[in-house]
Amino acid sequence: MHERRVGEDLARTARDAADGHRLVGVDVWIGALSHVQPASITNALQMALGVDVDVRCVVSDDIADPNAVDLSLTAVRVEEG
């Protein structure tokens, strides 16, 4: 349930960043202490954005990072042309 809500929030941010362009991919940074699995957030984002959207996750192993409990959208890729 947590991943679904986070996925919806990230999807909303991605749509806003795409500024009307067709989204083709998003990159997500997952903090070491976030307790979120890449497969779960990928699934949640694809449910919110469409299964054809490429989701790339980077999982940090740095538990001392000040953002270790967070997730963040690090890139939004849109269709060119």
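About the criteria used
- Residues numbered from 1 in each chain as written.
- Predicted model: local features only at pLDDT ≥ 70, side-chain atom pairs only at ≥ 80, totals over all residues.
- Heavy atoms only, no water.
- Helix = DSSP H or I, 4+ residues; strand = E, 2+ residues; numbered from the N terminus.
- Rg over C-alpha atoms; globule rule 2.2 N^0.38 Å.
- Buried < 20%, exposed > 50% of the residue type's maximum accessible area, 1.4 Å probe, protein only.
- Contact = heavy atoms within 4.5 Å.
- Areas by Shrake-Rupley, 256 points an atom, 1.4 Å probe, with all protein chains shown as cover.
- Lys, Arg positive; Asp, Glu negative; His and termini not counted.
- Charge placed at Lys NZ, Arg CZ, Asp CG, Glu CD.
- Pairing = 2+ DSSP bridges.
- Axes fitted to C-alpha atoms, helices over the stretch in contact; angles between N-to-C directions.

**A short note on the overall build of the protein**
A count of helical and extended segments in the protein gives two helices and three strands. The order of helices and strands in the protein, counted from the N terminus, is α-β-α-β-β. Computed over the C-alpha atoms, the radius of gyration of the protein is 12 Å, within 12% of the 12 Å expected from 2.2 N^0.38 for a compact globule of 81 residues. Dimensions of the protein, computed from the C-alpha atoms along their principal axes, are close to 40 × 25 × 15 Å. Taking all 81 residues of the protein together, 35% fall into the buried category. Contacts in the protein between residues far apart in sequence, at least 24 positions, make up 83% of those at least 6 positions apart. A total of about 5,100 Å² of accessible surface is found on the protein, and carbon and sulfur atoms cover 50% of it. In the protein, which carries 7 positive and 14 negative side-chain charges, the distance between the mean positions of the two groups comes to 7 Å.

**Quick notes on the sheet that holds strand S1 (residues 23–30)**
Across the sheet, which stays open at both edges, the three strands sit in the order S2-S1-S3 with mixed pairing between neighbours. Edge positions in the open sheet fall to strand S2 (54–59) and strand S3 (71–78), since each of these has one partner strand only. When the angles between neighbouring strand axes are averaged without regard to direction, this sheet yields 15°. When S1 meets S3, the two strands line up antiparallel, connected through seven bridges. Looking at S3, one finds that Val26 is bridged to Val76. Each of S1, S2 and S3 touches helix H2 (residues 38–49); the most contacted strand, S2, lies at about 150° to it.

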